[in-house]
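A closer look at the structure
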Amino acid sequence: HQSYSNGAAVAEHPQPANVFSLEGKLALVTGGGTGIGLEIARCMTAAGATVVITGRREEVLRDAVEGMGESAQYIVNDITDLASIDGLVAQIEATYGPLDILVNNAGINLKKPALEVTDEEFSRILHTNLHSVFALTRACAARMVARRKGTILMISSMAAYYGIDRVVAYAASKSAVEGMVKVLASEFSCHNVRVNAIAPGFIETEMSRKAMNSDPDRRDRAMRRTPMGAFGKPSDIGHAAVFLASEGARYITGVSLPVDGGNSIGF
Ligand code: NDP
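As recorded in an unreviewed UniProt entry, the protein goes by NAD(P)-dependent dehydrogenase, short-chain alcohol dehydrogenase family and comes from Hymenobacter arizonensis. Regarding the protein, the relevant UniProt record gives this comment under Sequence similarities (unreviewed entry): "Belongs to the short-chain dehydrogenases/reductases (SDR) family."

Structure representation (structure tokens):
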């Protein structure tokens, strides 16, 4: 261990020519066929990674990889099928090699007043956004920890930070994911595995369009709460994901990075 007190220059660790490159890395992006996941996959392939995307709809995944060339592949998988998870990770590693990056992006939302949310609905959101994320993370992290190499990203939400009306189950799931990030980051840091979250603000995707269209005032309210005065693009999340997955972020673990046009500044 190097001490600052002995007056010696602090030695730099060896760095690749481009610390933000993902050249030679293998990434798994759940829900990578649409919206934010698709742009994360695109940005990661552009940065040099091979990316496997998953989702439930084969035609969506097929179209998605077509636009990305050789370095993108897909596997049809329902993340809520916990029994399928170990096989999924084993299949990816047998076919493409060791996984370096996991992006837990797949997620679902439900907009309803809390008093109208049924047990079935609450469980479905928590199962998809939380339990499945934990199960897949455990399967990938076990391998990463054994190899002492890897990084894991969760796609959280502003709903984890603020009381946004009518998303009680979604907010509960994303807050829980944020809690999990800190514990996993702490447990895995001595094994050279980093765990972080990105908390997107208002990003233009199918999911947010549905939420905006369900309430005519919502768009205006969202913009009033966004200092930059515009919705974000899925690629804004993609670029942040490339950074956090890269060597450039080697000393960053256990954080949640807001990518939100300033929502989290508060007002
Ligand atoms: P989309 O609905 O476009 O993407 C969700 C993706 O997840 C789809 O590709 C879907 O594919 C996949 N998915 C859903 N359920 C499952 C499942 N059971 N198994 C496998 N894949 C599944 O929404 P976004 O791109 O907006 O959302 C991506 C992430 O970003 C989510 O976690 C969301 O909570 C988060 N987020 C989004 C924000 C926004 O403003 N858009 C803001 C904050 C967070 P398929 O249906 O084919 O399975």
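1. A word on the overall build of the protein
A tally of regular secondary structure across the protein gives 8 helices and 7 strands. Taken over the C-alpha trace, the protein has a radius of gyration of 19 Å; the compact-globule value for 267 residues is 18 Å, and the two agree within 12%. Seen through its C-alpha atoms, the protein measures out along the principal axes to roughly 60 × 45 × 35 Å. Relative to its full complement of 267 residues, the protein shows a buried share of 42%.

2. Thoughts on the nonpolar core
Nonpolar side chains in soluble globular proteins generally cluster together in the buried interior. Counting residues in each nonpolar core, the largest one holds 67 residues, and the members touching the most others are Met 44, Ile 53, Ile 198 and Ala 241. If you tally residues by element for this core, the top one is helix H5 (residues 168–188), at 8 residues. If we ignore the near neighbours within four places in the chain, the residues touching Met 44 are Leu 22, Ala 27, Ala 49, Val 51, Ala 241 and Val 242.

3. Some points on the pairing of strand S2 (residues 50–55)
Most of S2 is tucked away, with 5 of its 6 residues classed as buried. What joins strand S1 (residues 26–30) to S2 is helix H1 (residues 35–46), and the crossover it makes is right-handed. One ladder, built from 5 bridges, connects S2 with strand S3 (residues 72–76); its direction is parallel. Note that in S3 the partner of Val 52 across the bridge is Gln 73. After leaving S2, the chain enters helix H2 (residues 58–66) and then returns to the sheet as S3, a path that is right-handed.

4. Overview of the site of the ligand
Lining the immediate surroundings of the ligand are 29 residues, of which Gly 31, Gly 35, Arg 56, Gly 107 and Met 207 lie closest. For the shell around the ligand, the elements supplying multiple residues, two or more each, are H1, S2 and helix H6 (206–213). Class assignment of the residues belonging to the shell around the ligand gives a composition of 10 nonpolar, 15 polar and 4 charged.

5. Description of the UniProt feature "domain: Ketoreductase" (unreviewed entry) in the protein
Those places that UniProt annotates as "domain: Ketoreductase" (unreviewed entry) correspond, in this numbering, to residues 25–201. Helix makes up 47% of residues 25–201 and strand 19%, whereas the separation of the span's terminal C-alpha atoms amounts to 28 Å.

6. Regarding unusual backbone geometry
Positive phi outside glycine occurs at Arg 148, with the angle close to 55°. Tracing the chain through its elements places Arg 148 in the loop between helix H4 (119–147) and strand S5 (150–155). Among the residues examined, Arg 148 registers 11 C-beta atoms within 10 Å and is labelled exposed.

7. With respect to the packing of H4 against H5
The interhelical angle for the contact between H4 and H5, taken along N-to-C directions, is 15°, at an axis separation of 9 Å. Accordingly, the angle class assigned to the pair H4 and H5 is roughly parallel. Relative to H5, the crossing made by H4 is right-handed. Packed against H4, whose contacting residues are Glu 121, Phe 122, Ile 125, Leu 126, Asn 129, Leu 130, Val 133, Phe 134, Thr 137, Ala 141 and Val 145, the element H5 presents Ala 169, Tyr 170, Ala 172, Ser 173, Lys 174, Ala 176, Val 177, Met 180, Leu 184 and Phe 188 at the interface. Partitioning the contact of H4 with H5 into residue classes produces 16 nonpolar, 3 polar and 2 charged.

8. Concerning the sheet that holds S1
An order of S3-S2-S1-S4-S5-S6-S7 is seen for the 7 strands of this open sheet, with the pairing classed as parallel. Edge positions in the sheet fall to S3 and strand S7 (256–259), since each has one partner strand and no second. Here the average twist between neighbouring strands, direction ignored, is 20°. The strands that helix H8 (residues 234–245) touches are strand S4 (101–104), S5, strand S6 (193–200) and S7; relative to S6, the one it contacts most, it runs at about 165°.

9. Here's the deal with the confidence of the model for the protein
A low pLDDT means the predicted coordinates there should not be read in detail. Confidence in the prediction for the protein averages 94 pLDDT; 96% of positions are at 70 or higher. Two summary scores accompany this predicted model of the complex, namely pTM at 0.96 and ipTM at 0.99.

Basis of the calculations
- Residues numbered from 1 in each chain as written.
- Predicted model: local features only at pLDDT ≥ 70, side-chain atom pairs only at ≥ 80, totals over all residues.
- UniProt positions renumbered as here; feature names shortened; annotations may be inferred.
- Helix = DSSP H or I, 4+ residues; strand = E, 2+ residues; numbered from the N terminus.
- Rg over C-alpha atoms; globule rule 2.2 N^0.38 Å.
- Buried ≥ 20, exposed ≤ 12 C-beta atoms within 10 Å, placed from the backbone.
- Core = buried A, V, L, I, M, F, W, Y, C linked by C-beta atoms within 7 Å.
- Contact = placed C-beta atoms within 7 Å.
- Right-handed = clockwise from strand over helix to strand, strands pointing away.
- Pairing = 2+ DSSP bridges.
- Near = placed C-beta within 6 Å.
- Nonpolar A, V, L, I, M, F, W, Y, C, P; charged D, E, K, R; others polar.
- Axes fitted to C-alpha atoms, helices over the stretch in contact; angles between N-to-C directions.
- Parallel < 35°, antiparallel > 145°, perpendicular 65-115°, else oblique.
- Left-handed = near helix turned anticlockwise from the far one by under 90°.
- pLDDT = per-residue confidence, 0-100.

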